[in-house]
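# Remarks on the overall topology
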Amino acid sequence: MSTETPLPERVLEGLDADQRAVATSFGRPVVVLAGAGTGKTRAITHRIAFGAATGALQARHTLAVTFTSKAAAELRHRLAELGVPRVQARTFHAAALRQISYFWPRIHGVELPPVANGNFGLIAEAASTLPVGVETGLLRDLAAEISWAKVSNVPSERYSDLAPKARRQVSGLTPEQVAAVLLRYEQVKKRRGVIDFDDILLCAIALLHEHPEVAEQIRDQYRHFTVDEYQDVSPTQRTLLELWLGDRDDICVVGDPNQAIHTFAGAQPAYLRSFERDHPGTLTLRLRTNYRSTPQVLDAANALISPDTRLRASRAPGARIEICPAIDEEAEVAATVSWLVERHREGLPWRELAVLYRINAQAEAFVNELDAAKVPYAVRDGERPSAVDDAVTLTTIHSAKGLEWDAVAMTGLSDGLLPFIMADTPAAIAEEKRLLYVGLTRARTDLRLSWARSGAGGRGRREPSRFLRASGLVDVVDAAAPNARIAGARGRKARKLPVCHVCGQALSDAIEIKLGRHCDCAADFDERLFEELRE
């Protein structure tokens, strides 16, 4: 930026017209609908910097809120580079914890109870006193359900009524059994004198709601608000945000309805859609120019979303998307690894390569194949992570949100995995479609889409994802192309496979491992089967 240009204009240098509109809009609520790769972080950080330079906001009274510590750190870094280091950029939980740590002793006369380091032990203690079991898989499901209930404002006494309406189920337990665990869990926490991660927001809400003097001090400290990823806001986060805001309207929220993929965890994309109605006088702005992906990648992604939200490409044309059916899942994995090796030989660092899949169960086959090929990898979801910095990333699509790579291989794109077999409502199917959109838009230049035509030994025919068919992507497949097993996939010692609980034969593909049975073996939907259905 030229030092001879006035500071406000220097802040706006390098922004496109849409980003500049975001950066210069003040005096009313603002909602920014920002598509994938459109530079939303750049737009909102420059908006804060421009506001500080023009006096539209005060940096020390500004709170920028996002959902991950990494994203908050990135906001702080960019704001410091723009000359506004005094802005507070935090996650909802970090901001709330800072506030309640200060005010709790002043209101209650005692220190805030410590935040438990994980809650598996607490849940196990609660469940052990009830006839529900304490298996690891069940505890994991109960942890997710306890979190959902808290962020959705569902107390234990109302859970058995509200959970069925929300189509919630936990490993074959009845809603009444889950409600009993919820109640006992709260008793265990109280006895141990701790709070959990989700209690942080609930404690903050209680302080602001019940103590006007606390709300007044916090509102005096924070007068200007920016909220990123607003489509992922939960009911408790929205309640806290509205308490922070009070009767003021100095707020800018940013989100993308096409990337709303966390409703299973309590997110409410409806808050983004209704923001303009809920905040009269709101200015709605859109970011549509994508700076991340090639036109080929964007064409595929745009085919999945409504025409009025499609993105414009700014990059030069790149490689065509590779559409790769495989004879079975083992062949799909082997071919994907070969593709990764070839991209690396062409000059891409391993860290710029990623494999995306729908569920964690799909990772194991890739881990084995990558080990055999001596390719460094890191699993983002906590299973056997590599300590090597320059490594291929293995991740679920959910965990890939907010990230990007030069080359991305999306695998397991068959009906039953994407959309997932348990997505049985129009809303759930629509979210699965958005999940594919998120995956596609992680790629900058190279994109490979694959699925297996059958399970182990040719068992069970699979169809490519209905989303690929509806978008026309599968039309580019050469039906006459050979689909022989990739060289090198044979001759290695086979891993021990789980077995179908119906017929007792081996399971080798991710869908069937997830189900605990072959897709063509009859299911009786008892407790045992529901436990197998859940991760």
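All of the points below concern the structure found in this document. Just so you know, these numbers come straight off a predicted model, no measurement behind them.

### Focus: the sheet that holds strand E9 (residues 322-326)
- Read across the open sheet, the six strands follow the order E9-E14-E13-E10-E12-E11; overall the sheet is parallel. Sheet topology places E9 and strand E11 (377-379) at the edges, where each strand pairs with a single neighbour. Averaged over all neighbouring strand pairs, the angle between strand axes comes to 20°, with direction disregarded.
- Pairing of E9 with strand E14 (residues 443-452), which is carried by five bridges, proceeds in the parallel orientation. By the bridge assignment, alanine 326 is partnered in E14 with alanine 452.
- Against the sheet, helix H16 (residues 329-345) contacts E9, strand E10 (353-357), strand E12 (392-396), strand E13 (405-410) and E14, and its axis sits at roughly 160° relative to E14.
- Here helix H17 (residues 363-373) sits on the sheet in contact with E10, E11 and E12, set at roughly 160° to E11.

### Re the packing of aromatic side chains
- Tallied over the full model, the rule gives six aromatic pairs.
- These aromatic residues form a ring-pair network of at least three members: Phe67, Phe92, Phe225 and Trp244.
- One Lys or Arg, arginine 47, reaches over the ring of phenylalanine 26 and ends 4.3 Å from the middle of that ring.
- The ring of tyrosine 271 is capped by arginine 238, whose NZ or CZ atom sits 4.6 Å from the centre of that ring.

### Digging into helix H4 (residues 69-81)
- In this model, H4 (13 residues) spans 18 Å end to end at C-alpha, consistent with the 18 Å of a helix rising 1.5 Å per residue.
- All buried positions along H4 are accounted for by Ala72, Leu75 and Leu79. Here the buried residues of H4 occupy an arc of 55° about the axis, which is enough to place them on one side. Turned more than 90 degrees from where H4 packs its buried face, Ser69, Lys70 and Glu81 sit exposed.
- Where H4 is buried, its residues contact helix H3 (40-54), strand E2 (62-66) and strand E3 (88-91).
- Phi turns positive, to about 90°, at glycine 83, one or two residues after H4.

Thresholds, definitions, all that
Residues numbered from 1 in each chain as written. Predicted model: local features only at pLDDT ≥ 70, side-chain atom pairs only at ≥ 80, totals over all residues. Heavy atoms only, no water. Pairing = 2+ DSSP bridges. Helix = DSSP H or I, 4+ residues; strand = E, 2+ residues; numbered from the N terminus. Axes fitted to C-alpha atoms, helices over the stretch in contact; angles between N-to-C directions. Contact = heavy atoms within 4.5 Å. Phe/Tyr/Trp six-rings, centres within 6.5 Å; stacked < 30°, edge-to-face > 60°. Lys NZ or Arg CZ within 6 Å of the ring centre and 35° of its normal. Expected span 1.5 Å × (residues − 1). Buried < 20%, exposed > 50% of the residue type's maximum accessible area, 1.4 Å probe, protein only. Arc of directions from axis to C-beta.

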